[in-house]
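Structural characterization, general
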Amino acid sequence: MIGMNTLLLFGLGGQEVLIIALVVLLLFGGAKIPELMKGLGKGVKSFKEGMKEIDDEVKKDD
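Residues numbered from 1 in each chain as written. Predicted model: local features only at pLDDT ≥ 70, side-chain atom pairs only at ≥ 80, totals over all residues. Heavy atoms only, no water.

**Some remarks on the overall build of the protein chain**
The number of helices and strands found in the protein chain is two helices and zero strands. Counting across all 62 residues of the protein chain, residues that qualify as buried make up 2%. Just so you have it, the protein chain exposes about 5800 Å², and 68% of that area is on carbon and sulfur atoms. (Helix = DSSP H or I, 4+ residues; strand = E, 2+ residues; numbered from the N terminus. Buried < 20%, exposed > 50% of the residue type's maximum accessible area, 1.4 Å probe, protein only. Areas by Shrake-Rupley, 256 points an atom, 1.4 Å probe, with all protein chains shown as cover.)

**Structural notes on the pattern of salt bridges**
Per the counting criterion, the structure on display carries four salt bridges. Across the salt bridge formed by lysine 32 and glutamate 35, the nearest N and O atoms sit 3.7 Å from each other. Residue lysine 32 and its partner glutamate 35 are both found in helix H2 (residues 14-61); the two are separated by three residues, about one turn of the helix. Assessed through its relative accessible area of 43%, lysine 32 is described here as partly exposed. Across the pair aspartate 55 and lysine 59 runs a salt bridge whose closest N-O atoms are separated by 3.5 Å. Within this pair, aspartate 55 and its partner lysine 59 are both found in helix H2, separated by four residues, close to a single helical turn. A relative accessible area of 37% places aspartate 55 in the partly exposed class. The exposure class of lysine 59 is exposed, given its relative accessible area of 58%. (Salt bridge = Lys/Arg side-chain N within 4 Å of Asp/Glu carboxyl O.)

**What to know about H2**
Here H2 is 48 residues long, yet its end C-alpha atoms lie only 46 Å apart, well below the 70 Å a rise of 1.5 Å per residue gives. Of all the bends in H2, the greatest measures close to 100° and is centred on glycine 29. (Expected span 1.5 Å × (residues − 1). Bend = angle between axes of the 7 residues up to and from the residue.)

**Regarding a nonpolar patch on the surface**
Judged by side-chain polarity, Ile19, Val23, Leu27, Phe28, Leu36, Met37, Leu40 and Val44 come together as a nonpolar surface patch covering roughly 750 Å² of accessible area. Note on placement: leucine 40 falls in helix H2. (Patch = residues over 30% accessible without salt bridge, like charges linked within 9 Å, V, L, I, M, F, W, Y side chains within 5 Å.)

From the geometry alone we can't say anything about function, so treat these as descriptive.
Shown next as structure tokens:
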């Protein structure tokens, strides 16, 4: 679950998050949401791996 600090960071409150969730549900339908979240998770994982590789390269060059 998203922590309160994360919500405050983006300036979103409970009502805004609920409205965004409803819009996503209306646009993509209930069946597509797990697929979208899986793709998003893979993208975040790939990004983190890329950042780690860059960090490793920088440390190796020192």
